[in-house]
Amino acid sequence: MAASLAQAQTLKGSPTSVEKQYRLAQSYGFSFIKTASEVAPNVESGELHKVSPGRYIELHDVSYPYAVSETRLFLDRLSQQYHAACGEKLIVTSLLRPVSNQPANAVALSVHPTGLAVDLRIPAKWKCRSWLENTLLSLEKERVLDVTRERRPAHYHVAVYARQYETRVAALNAKTRQQTPPASGQPTREVAVSSGSANPQDYTVRKGDSLWEIATRTGVSVADLRTANELRGNRINVGQTLRIPDAANNSNLQVANEIITYRVNRGDTLWAIANRYGTSVKKLRQVNNTGKVLKVGQVLTIYRG
């Protein structure tokens, strides 16, 4: 497996991959943090989340330990798997970097100012380095991130493709739930709703909430939450009331074999949807007989691959 991945892909970056990272960050609606003074407001709004050291992860000289929710989720999962594989902590050397704090050799289109990217230390042990590189290349092959091995200083630069990674994890979780029925007598997960709400399907955003966490607690997809509340990105505000759609009747994304039907959200573009689901703009337009402009609510048929 290691040999086949090495032959198929490399850890070399390119201007094309940098541009793709930047365009995806823009399509997600993420904020590009210009100065340190903008960090706290974006943490309060829920767009950025703190990444803390723990049993599986270590932060080394990280000035701004914040990331978007999808990148934090990526680190949570990867660090646990890395620790299980080689018995060491995953070492993070950089997360969010405001534009004003970018190093002199940073690329102009860096996505570090959004909290989308993370830098990882290259492991000294061959076993750990081999596992980490092959895992990152495998995820890159699935089109959920882009990884580059940088030399000055030496590290792995990883840009997480937020929507694609989010969809991948949701699919894995759904598969796990189908394969592992709850044990007899096991309590069901409670759904937190706003106190005194006239609509039991309303949720009042609390400090520290993210769309991903709310979706997980309420059993719906992040895409459905965005559609139901006309959200373009992941930004939500403390005290904001979100409508929780009926998971059974309001699915924004339905998958049957390798054919997907997708309902267009506000802010969606053909380019972003194509990249999210591993197809091309040309194929999307041909299959759906559509022009360059999409309409909110329009249903697209997507053939994966």
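Residue numbers here run from 1 along each chain, matching the order of that chain's written sequence. Only residues with pLDDT of at least 70 get local features here, since the model is predicted, and only at 80 or more are side-chain atom pairs given and counted; chain-wide, interface and lining totals rely on the full set of residues. The basis for the side-chain values is all heavy atoms of the structure; hydrogens and waters are excluded.

Read from one edge of the open sheet, five strands run β2-β4-β5-β7-β6, paired in mixed fashion. The open sheet is flanked by β2 (57-59) and β6 (145-151), the only strands paired with a single partner. Within the sheet, the average angular offset between the axes of one strand and its neighbour, ignoring direction, is 35°. Only strands that DSSP links by at least two bridges are regarded as paired with each other. Starting at the N terminus, helices and strands are each numbered in turn, a helix being any DSSP run of H or I of at least four residues and a strand any DSSP run of E of at least two. Summarising the sheet, strand β4 (residues 90-94) and strand β5 (residues 117-120) pair through two bridges and their orientation is antiparallel. For Ser94, the partnering residue across the bridge sits in β5 and is Asp119. Axis definition: a line fit to C-alpha positions, over the contact stretch in the case of helices; interaxial angles, taken between N-to-C directions, run 0 to 180 degrees.

This part takes up the environment of Ile57. Note that Ile57 resides in strand β2. C-alpha of Ile57 to C-alpha of Leu90: the two residues are 33 residues apart in sequence and 4.8 Å apart in space. Any two residues whose heavy atoms approach within 4.5 Å at even a single point are treated as in contact. Those residues in contact with Ile57 that lie beyond four places of it in its chain are Val51, Ser52, Leu75, Ser79, Lys89, Leu90 and Val92.

Next up on the list: the pattern of salt bridges. When a carboxyl oxygen of Asp or Glu lies within 4 Å of a side-chain nitrogen of Lys or Arg, that pair is called a salt bridge. This model, assessed by the stated rule, comprises six salt bridges. Between Arg163 and Glu70 there is a salt bridge, with the nearest N and O atoms lying 3.5 Å from each other. With Arg163 in helix α6 (residues 162-179) and Glu70 in helix α4 (residues 69-86), the pair connects residues that are 93 residues apart, well separated along the chain. Glu70 carries the same exposure label as Arg163, and that label is buried. Ionic pairing is found between Glu166 and Arg226, a salt bridge with its closest N-O pair at 3.4 Å. Taken together, the residues Glu166 in helix α6 and Arg226 in helix α8 (residues 222-229) connect sequence positions 60 residues apart. Accessibility expressed as a relative area gives 4% for Arg226, which makes it buried. For every residue, the accessible area obtained with a 1.4 Å probe (protein chains only) is divided by the maximum for its type, and the residue is called buried under 20%, exposed over 50%, and partly exposed between those limits.

With 14 residues, helix α2 (residues 15-28) should cover 20 Å at 1.5 Å per step; its first-to-last C-alpha distance of 20 Å lies within 8% of that length. Residues of α2 that are buried include every one of Ser17, Gln21, Leu24, Ala25, Ser27 and Tyr28, and no others. Buried residues of α2, seen end-on, are gathered within an arc of 160° and therefore sit on one face of the element. Counted as exposed and oriented over 90 degrees from the buried face of α2: Pro15 and Thr16. After α2 finishes, the residue Gly29 shows a positive phi value of roughly 85°. In this analysis, the expected span of each helix is defined as 1.5 Å times one less than the number of residues it contains. The directions from the helix axis to the C-beta atoms are what the arc is built from.

Quick look at the packing of aromatic side chains now. Note on aromatic pairs: the rings of Phe, Tyr and Trp (six-membered ring only in Trp) are paired at centre separations within 6.5 Å, and the planes decide the class, stacked below 30 degrees, edge-to-face beyond 60, tilted for the rest. Summed over all chains, the structure comprises four aromatic pairs. Plain terms: the ring middles of Tyr22 and Phe32 are 5.1 Å apart, the flat faces sit at 50° to each other, and that makes the pair tilted. Here the residue Tyr22 occupies a position in helix α2, and Phe32 occupies one in the loop between α2 and α3 (39-44), the gap between them amounting to 10 residues. Look at Tyr22 and you get partly exposed, because its relative accessible area is 22%. Residue classification places Phe32 among the partly exposed residues on the basis of a relative accessible area of 22%. For Arg23, the ring lying beneath its charged end belongs to Trp271, and the centroid distance is 4.2 Å. Both a distance and an angle decide whether a charge sits over a ring: NZ of Lys or CZ of Arg must be within 6 Å of the ring centre and within 35 degrees of the ring normal.

With that out of the way, let us pick up helix α5 (residues 126-141). With 16 residues, α5 ought to run about 22 Å at 1.5 Å a step, and its terminal C-alpha atoms sit 22 Å apart, in line with that. Residues of α5 that are buried: Cys128, Ser130, Leu132, Glu133, Asn134, Thr135, Leu136, Leu137, Leu139 and Glu140. Backbone geometry just downstream of α5 places Arg143 in the positive-phi region, at approximately 65°.

On to the confidence of the model for the protein, then. Confidence of the prediction at every residue is given by pLDDT, a number between 0 and 100. The pLDDT averaged across the protein works out to 79; a share of 79% of its residues lies at or above 70. Low confidence marks residues 253-258, where pLDDT is under 50. Its contacts with residues over four positions away, or in another chain, come to 13 contacts.

Looking now at the pairing of β6. As judged from the seven bridges shared by β6 and strand β7 (residues 154-160), these two strands associate in the antiparallel manner. Each residue of the ladder has a partner; that of Thr148, found in β7, is His157. Hairpin connection of β6 to β7: two residues between the antiparallel strands.

Quick look at the side chain of Glu70 now. A relative accessible area of 2% means that Glu70 is categorised as buried. Think of a polar contact as two N or O atoms within 3.5 Å of one another; within protein, one of them needs to be a possible hydrogen donor and the other a possible acceptor, and neighboring residues in sequence only count if both atoms come from side chains. At 3.3 Å, the side chain of Glu70 and the side chain of Ser69 are in polar contact. Apart from residues no more than four positions distant in its own chain, Glu70 is found in contact with Phe30, Val160, Ala162, Arg163, Tyr165, Glu166, Arg226 and Asn234.

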